[in-house]
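# Inside the fold
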Amino acid sequence: MSQKITVALGRNSYDIHVGDGLLEQAGPLVAACLNRPRTVIITDENVARCQLPRLEKSLTQEGIAFDSIILPAGEATKSFQQLENLLDQLLALQLERQDKIIAFGGGVIGDLVGFAASIYQRGIGFIQIPTTLLSQVDSSVGGKCGINTPRGKNLVGSFHQPDLVLTDVSTLDSLPKRQLLAGYAEVVKYGLIGDPAFFIWLEENGQKITAGDHDAQTEAILVSCRAKADVVAQDEKEKGQRALLNLGHTFGHALEAEVGYSDHLFHGEAVAIGMVMAFDLSVKMGLCPAEDAAKVRDHLTKICLPTRLSKSNHPISQVNMSAEKLFNHTLQDKKMADGRVTYVLTSGIGQAFLSADVTPEDIKHIFQMAMD
Ligand code: GLY
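Residues numbered from 1 in each chain as written. Predicted model: local features only at pLDDT ≥ 70, side-chain atom pairs only at ≥ 80, totals over all residues. Heavy atoms only, no water.

Bringing the sheet that holds strand S6 (residues 125-130) into the picture now. Overall, mixed pairing links the seven strands, which are arranged S1-S2-S9-S6-S5-S3-S4 in an open sheet. The sheet is open, and its two borders are formed by strand S1 (2-7) and strand S4 (65-71), each paired with just one other strand. Geometrically, the sheet is characterised by an average inter-axis angle of 20° between neighbouring strands, direction not taken into account. Those strands touched by helix H1 (residues 26-33) are strand S2 (14-19), strand S5 (100-105), S6 and strand S9 (164-168), and its axis lies near 170° from that of S9. (Pairing = 2+ DSSP bridges. Helix = DSSP H or I, 4+ residues; strand = E, 2+ residues; numbered from the N terminus. Axes fitted to C-alpha atoms, helices over the stretch in contact; angles between N-to-C directions. Contact = heavy atoms within 4.5 Å.)

Structure representation (structure tokens):
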């Protein structure tokens, strides 16, 4: 049995189906979305090994003809080179404008495939079948897609909404624990932005989610996707409130850039550290009770996510960083307007807001605090 959430965007509206074992029912749902029974699945080596046969079987049973393109796993795949490679393969397969492609994987595959779909023959449809917790609660919903450049993450991309999102919680069973934990940071984000009751629920149930309990995972995914669908429906192109979904991300992206988007720090781990920094900054600016910042740090620590840059056994604590250099990375942020970066600050758990009134000194101080 699956549950459905609609992202209400007028003619661009689409459904997110969430269920346990949904891959086995993917065929009819995909068929109903296609204009003809022909598609291309794009995935990575890891997902191909663990999950691709399940999806292929379901499409075959439904009489859908498909090709599968398997790309290297990892953040480096979100590059101009892999974009060109993918577009070339789609052209070679003579995909038509009426066709839709399937992004089957985590955030890297979803972002790359969504971007390729947005520019292939001036735009074709695509289906997201996310297989990591991070992509199931965040990146598969809302239409942000793109690639990285040596100057920063997601700096080239577009908004291109999927036509359908199919989320099967059972795909999380084959996800490495560190990836699952990293995705959990994005789940916590929804509690911290605007849902204090969800944060309390996570304090009680978070360990079930990271231990692989499908019921707890399903509930967390549904709450997260409902929250994201609401925000996206109100502000599709991030002209305002959608930027709240970037809580901790400006700090996090700076850390990721500094380690060259390497496995020293996964995106979700960077977001965990970044959210703690956003709370610490809000406390420093007299906006948020210190007690709330402590609760956030304690919860993430209990879940075994990193919350600082040193004094831990996480690989990030081996990397030498400077507050000045990290600050310089924040200047590449897409939320920059008139030379100022807008930060997501908070008055407490569930009370995030946007502010451009943050000084460079405050930011450097917070980076330094995380290193001391
Ligand atoms: N990941 C933030 C957003 O989709 O807006």
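The discussion continues.
The end-to-end C-alpha distance of helix H11 (residues 267-284), which contains 18 residues, comes to 25 Å, matching closely the 26 Å that a straight helix rising 1.5 Å per residue would cover. One or two residues past the end of H11 sits Gly 286, with phi positive at roughly 75°. (Expected span 1.5 Å × (residues − 1).)

Let's shift gears to the pairing of S1. Remember that side chains alternate between the two faces of the sheet whenever the strand is regular. Relative to S2, S1 is paired through six bridges, and the arrangement is antiparallel. Bridge pairing links Ile 5 to Ile 16 in S2. Between the antiparallel neighbours S1 and S2 lie six residues, among them Gly 10 with a positive phi of about 60°.

A separate point is the side chain of His 314. Mapped onto the fold, His 314 is located in the loop between helix H12 (290-302) and helix H13 (323-330). The class for His 314 is buried, based on a relative accessible area of 11%. Here Glu 269 takes part through its side chain, which lies 3.0 Å from a polar atom of the side chain of His 314. In contact with His 314, other than residues within four places in its own chain, are Arg 178, His 264, Leu 265, Glu 269 and Pro 306. (Buried < 20%, exposed > 50% of the residue type's maximum accessible area, 1.4 Å probe, protein only. Polar contact = N/O pair within 3.5 Å; in protein donor to acceptor, adjacent residues only side chain to side chain.)

The phi angle at Gln 94 is positive, at roughly 55°, despite the residue not being glycine. Mapped onto the elements of the fold, Gln 94 is located in the loop between helix H4 (80-92) and S5. Using a relative accessible area of 63% as the deciding quantity, one classes Gln 94 as exposed.

With that out of the way, let us pick up helix H9 (residues 214-234). Between its first and last C-alpha, H9 extends 30 Å over 21 residues, near the 30 Å set by a 1.5 Å rise per residue. Residue Asp 213 occupies the N-cap position of H9, its side-chain oxygen lying 2.9 Å from the main-chain nitrogen of Asp 215.

Here the focus is the site of the ligand. Near the ligand the following residues occur: Asp 138, Lys 144, Lys 228, Glu 238, Arg 242, Leu 245 and Asn 246. Residue Lys 144 places a side-chain N or O atom 2.9 Å away from an oxygen atom belonging to the ligand. At a separation of 2.7 Å, an oxygen atom of the ligand approaches a polar side-chain atom of Arg 242. (Near = heavy atom within 4 Å.)

To continue, consider the nonpolar core. Counting residues in each nonpolar core, the largest one holds 76 residues, and the members touching the most others are Leu 309 and Phe 367. Counting residues per element, this core draws most heavily on H11, at 10 residues. Listed in part, the 22 residues of the second largest apolar core include Ile 42, Ala 116, Ala 117 and Phe 126. (Core = buried A, V, L, I, M, F, W, Y, C linked by side-chain atoms within 4.5 Å.)

Here we take up the pairing of S9. Most of S9 sits inside the fold, with five of its five residues counted as buried. In S9, alternate side chains face the same way, and those of Leu 164, Leu 166 and Asp 168 on one face and Val 165 and Thr 167 on the other are all buried. Pairing analysis gives five bridges linking S2 to S9, with the strands arranged parallel. Opposite Asp 15, over in S9, you have Leu 164 as the bridge partner. In the sheet, S6 pairs with S9 via two bridges, with the strands oriented parallel. By the bridge assignment for S9, Gln 128 is matched with Val 165.

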